[in-house]
Amino acid sequence: MNPIAAAMSGGVDSSTAVWLLQQAGYDPVGFTLPPDQRSQCHTARDVADAQAVAQRLGISHHTLDLSESFRREVMDPFVQAYEQGQTPNPCVLCNRAIKFGALLQAAQEMGCPLLATGHYAQVEQDSGSGRWLLKKALHPDKDQSYVLWTLTQQQLAATRFPLGRLSKEEIRAIALEQ
């Protein structure tokens, strides 16, 4: 058994990422965050879609309420920075503190040492230095590494990006076949 937490938004990217993880020999466990009215990042339908995909793929699925952490780690700093005339990026804050922070920690406490998402990026370990490197997606038109730049070495070591070497067209084709 090779457990891995899979962040599931209910969309085609994260759903296909779960299927790819299964094909690679992992035993994915789905995690979705419930809707948050303040962020509007996802809806109740997205949660239902993620649950339906998890059921179809035969994996367990958990809805994990991190709304207090989200408010404290993303929304409050966003508002504070905005009020100071800065242009904050809430996705950068959310990825570092919530997805690859609180979600990863909760998943590890539930027995999943790794976390995979549907981000278009790549992570690999440098053989010379041993450092983990965040790299752009193979297809630059979908690259999302720019919202992951604050991830720590510990976070990168525990992260997998199954979509990093695929194009959106390839993802859609895989999803249609399944």
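Here the structure is shown first, and the text comes after it.
All chains use their own residue numbering, which begins from 1 and follows the written sequence. Selection of residues for local features in this predicted model requires a pLDDT of at least 70, selection of side-chain atom pairs for listing and counting requires 80 or more, and totals for whole chains, interfaces and linings are taken over all residues. As a rule here, side-chain values come from all non-hydrogen atoms in the structure, and water together with hydrogens is ignored.

Let's talk about the overall build of the chain
Rules: Runs of H or I in DSSP of at least four residues are treated as helices and runs of E of at least two as strands, each being numbered from the N terminus. For a compact globule the rule gives 2.2 Å times the number of residues to the power 0.38, and the radius of gyration it is set against comes from C-alpha atoms. For every residue, the accessible area (1.4 Å probe, protein chains only) is compared with the maximum for its type, and the residue is labelled buried under 20%, exposed over 50%, or partly exposed between those bounds. The contact criterion used is simple: two residues touch if any of their non-hydrogen atoms lie within 4.5 Å. Working definition of accessibility: Shrake-Rupley area with a 1.4 Å probe, residue cover restricted to the visible protein chains. Under the convention used here, Asp and Glu are negative, Lys and Arg are positive, and both His and the chain ends fall outside the count. By convention, the point assigned to a charge is CZ for Arg, NZ for Lys, CD for Glu and CG for Asp.
Summing up its helical and strand segments, the chain has six helices and seven strands in all. Each helix (α) and strand (β) of the chain, taken in turn from the N terminus, gives the series β-α-β-α-β-α-α-β-β-β-α-β-α. In terms of C-alpha radius of gyration, the chain reaches 16 Å, essentially the compact-globule figure of 16 Å for 178 residues. For the chain, the spread of C-alpha atoms along the principal axes amounts to about 50 × 45 × 35 Å. Among the 178 residues that make up the chain, the fraction classed as buried is 46%. Restricting to contacts in the chain with at least 6 residues of sequence separation, those with at least 24 account for 68%. Entry remark: accessible area of the chain is about 9600 Å², with carbon and sulfur atoms responsible for 50%. Taking the 15 positively charged and 18 negatively charged side chains of the chain as two groups, their mean positions are separated by 3 Å.

Describing helix H2 (residues 44–57)
Rules: Residue count minus one, scaled by 1.5 Å, sets the expected span of a helix.
Under the 1.5 Å per step criterion, the end-to-end length of H2 is 20 Å for 14 residues, consistent within 8% with the ideal 20 Å. Positive phi appears at Gly58, one or two residues downstream of H2, with a value of about 75°.

Quick word on the environment of Lys142
Within the fold, Lys142 resides in the loop between strand S6 (132–136) and helix H5 (153–157). We classify Lys142 as partly exposed; its relative accessible area is 27%. For the pair Lys142 and Met1, spaced 141 residues apart in sequence, the C-alpha separation works out to 32 Å. If sequence neighbours within four positions are ignored, Lys142 has contacts with Tyr120 and Lys168.

A short note on the environment of Gly30
Assignment of secondary structure puts Gly30 in strand S2 (residues 27–32). Once the C-alpha coordinates of Gly30 and Ala54 are considered, the two residues, 24 residues apart in sequence, prove to be 6.6 Å apart. Those residues in contact with Gly30 that sit more than four places away from it in its chain are Ala6, Met8, Ile59, Ser60, His61 and His62.

As for the pairing of strand S1 (residues 3–7)
Where we set the bar: A pair of strands is considered paired only if DSSP assigns at least 2 bridges between the two. By the criterion used throughout, a crossover qualifies as right-handed when its path from the first strand across the helix to the second strand runs clockwise, the strands pointing away from the viewer.
With five of its five residues buried, S1 lies for the most part within the structure. Judged by which residues are buried, S1 turns out to be covered on both faces: Pro3, Ala5 and Ala7 on one side and Ile4 and Ala6 on the other are all buried. Bridge count between S1 and S2: five bridges; the pairing is parallel. Its bridge partner lying in S2, Ala7 is registered against Phe31. The handedness of the S1 to S2 crossover, carried by helix H1 (residues 12–23), is right-handed. Both S1 and strand S4 (residues 115–116) contribute to a ladder of two bridges, which runs parallel. Looking across to S4, one finds that Ala6 is bridged to Ala116.

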